[in-house]
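# Per-entry structural report
The lines below spell out each chain.
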Amino acid sequence: TRRSSDLTINCMISSSKEIGRYYFGGYVMERSIFDVVCFVLGKYPELTTMKLQKLMYYIQAWSLAWDDKPMFKEEFQAWANGPVCHELFKKHKGKFVVTSEDFEACEFDFSETELDTIEAVLDFYGDKEPHWLSELTHSEDPWLLARDGCAPGESCNRVISKESMQEYYGSL
C-alpha cells in the first residue's frame, strides 16, 4: 500500500546536486538522478556501473508508468549497451564497480509512493545480472525506437523520450 507520509533519506552522491527545473506533463521536477543513486547504493553497497545505469532506467520508466511523473529530471540516451544517463556516466566513467564511498553525502525527501516505486523496481530487477538487464532493454520499444536506423553496436546518443517510456511501460 502507498502511504502519503514523506521520509528523509540520507545517502551519498558523487558531487553537489545540480538543481534545476524540468517540466514533464505540467509537473515540475527538481530531483536529480543522484538522489536516487544514493538511495539505491544504500541498499546495494556495490554495483557494476552497467547495473546501476539499468536500475536507474527502470526506476524512471516505472515511475512514469505507475505514478505518471518522472522520478528525476535527467534523460537517458540509447547507447549500444542499453540506456545510459550521460550525467551519471560522467560521474563513474572509467570504473567498473561503484560503491557509496564513491559519492558525497546528501539528503532528499521521497514520498511513500516514490519509495514504493523504487522498492518494487529493486525487488524485481535487483537480483538480475547487468547483461541480462541490458539485453532486456534491447527488446523494449523505447530503446529500439530511439536507436532506429543505428546498426547494432553503433554509437548513439539519441535521447529515449520520457513519453515513449511512459507509453510503453504503461501499456504492459
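This text goes with the structure placed above it.
Computed from a predicted model, the values in this text were never measured in an experiment.

This paragraph deals with helix 7 (residues 162-170). One turn of the α-helix equals 3.6 residues, which is why residues spaced by three or four share an orientation. Every buried residue belonging to helix 7 is among Lys162, Ser164, Met165, Tyr168 and Tyr169, and all of these are buried. Down the axis, helix 7 shows its buried residues gathered within 155° of arc, on one side only.

Our next topic: the sheet that holds strand 5 (residues 76-79). Two strands in a sheet stick together by hydrogen bonds in their backbones, pointing the same way (parallel) or opposite ways (antiparallel). Taken together, 3 strands build an open sheet; the order of strands is 6-5-9 and the sheet is antiparallel. Lying at the two open borders of the sheet, with one neighbouring strand each, are strand 6 (82-84) and strand 9 (159-160). Examined bridge by bridge, strand 5 and strand 9 share 2 bridges and lie antiparallel to one another. Paired with Gln77 across the bridge in strand 9 is Val159. Against the sheet, helix 2 (residues 49-67) contacts strand 5, strand 6 and strand 9, and its axis sits at roughly 85° relative to strand 6.

The subject of this paragraph is the packing of helix 1 (residues 33-43) against helix 4 (residues 112-125). For the pair helix 1 and helix 4, interaxial distance at closest approach is 12 Å and the crossing angle is 50°. Accordingly, the angle class assigned to the pair helix 1 and helix 4 is oblique. Between helix 1 and helix 4 lies a crossing of right-handed hand. For the pair helix 1 and helix 4, the contacting residues are Val36, Phe39, Val40 and Lys43 in the first and Leu115, Ile118, Glu119 and Leu122 in the second. Here the residues of the contact of helix 1 with helix 4 are counted per class, giving 6 nonpolar, no polar and 2 charged.

A word on the layout of surface pockets. Put simply, the largest pocket is a space of about 200 Å³. In terms of lining residues, the largest pocket is bounded by 13 residues, among which Thr49, Trp79, Val84, Phe89 and His92 are the most central. Of all the elements in the fold, those that place two or more residues in the lining of the largest pocket are helix 2 and helix 3 (86-92). Element by element, the count of residues in the lining of the largest pocket is highest for helix 2, at 4 residues. By residue class, the composition of the lining of the largest pocket is 5 nonpolar, 5 polar and 3 charged.

You can see Ser63 is positioned in helix 2. With a relative accessible area of 1%, Ser63 lands in the buried category. When residues no more than four places from it in sequence are discounted, the contact partners of Ser63 are Asp68, Lys69, Pro70, Met71 and Thr117.

Parameters and conventions
- Residues numbered from 1 in each chain as written.
- Predicted model: local features only at pLDDT ≥ 70, side-chain atom pairs only at ≥ 80, totals over all residues.
- Heavy atoms only, no water.
- Buried < 20%, exposed > 50% of the residue type's maximum accessible area, 1.4 Å probe, protein only.
- Helix = DSSP H or I, 4+ residues; strand = E, 2+ residues; numbered from the N terminus.
- Arc of directions from axis to C-beta.
- Pairing = 2+ DSSP bridges.
- Contact = heavy atoms within 4.5 Å.
- Axes fitted to C-alpha atoms, helices over the stretch in contact; angles between N-to-C directions.
- Parallel < 35°, antiparallel > 145°, perpendicular 65-115°, else oblique.
- Left-handed = near helix turned anticlockwise from the far one by under 90°.
- Nonpolar A, V, L, I, M, F, W, Y, C, P; charged D, E, K, R; others polar.
- 1 Å grid on protein atoms, 1.4 Å probe; cavity = no way out; pocket = protein on both sides within 12 Å on 5 of 7 lines; lining within 4 Å.
- Points joined across faces, edges and corners; volume = space filled by probe spheres on them.

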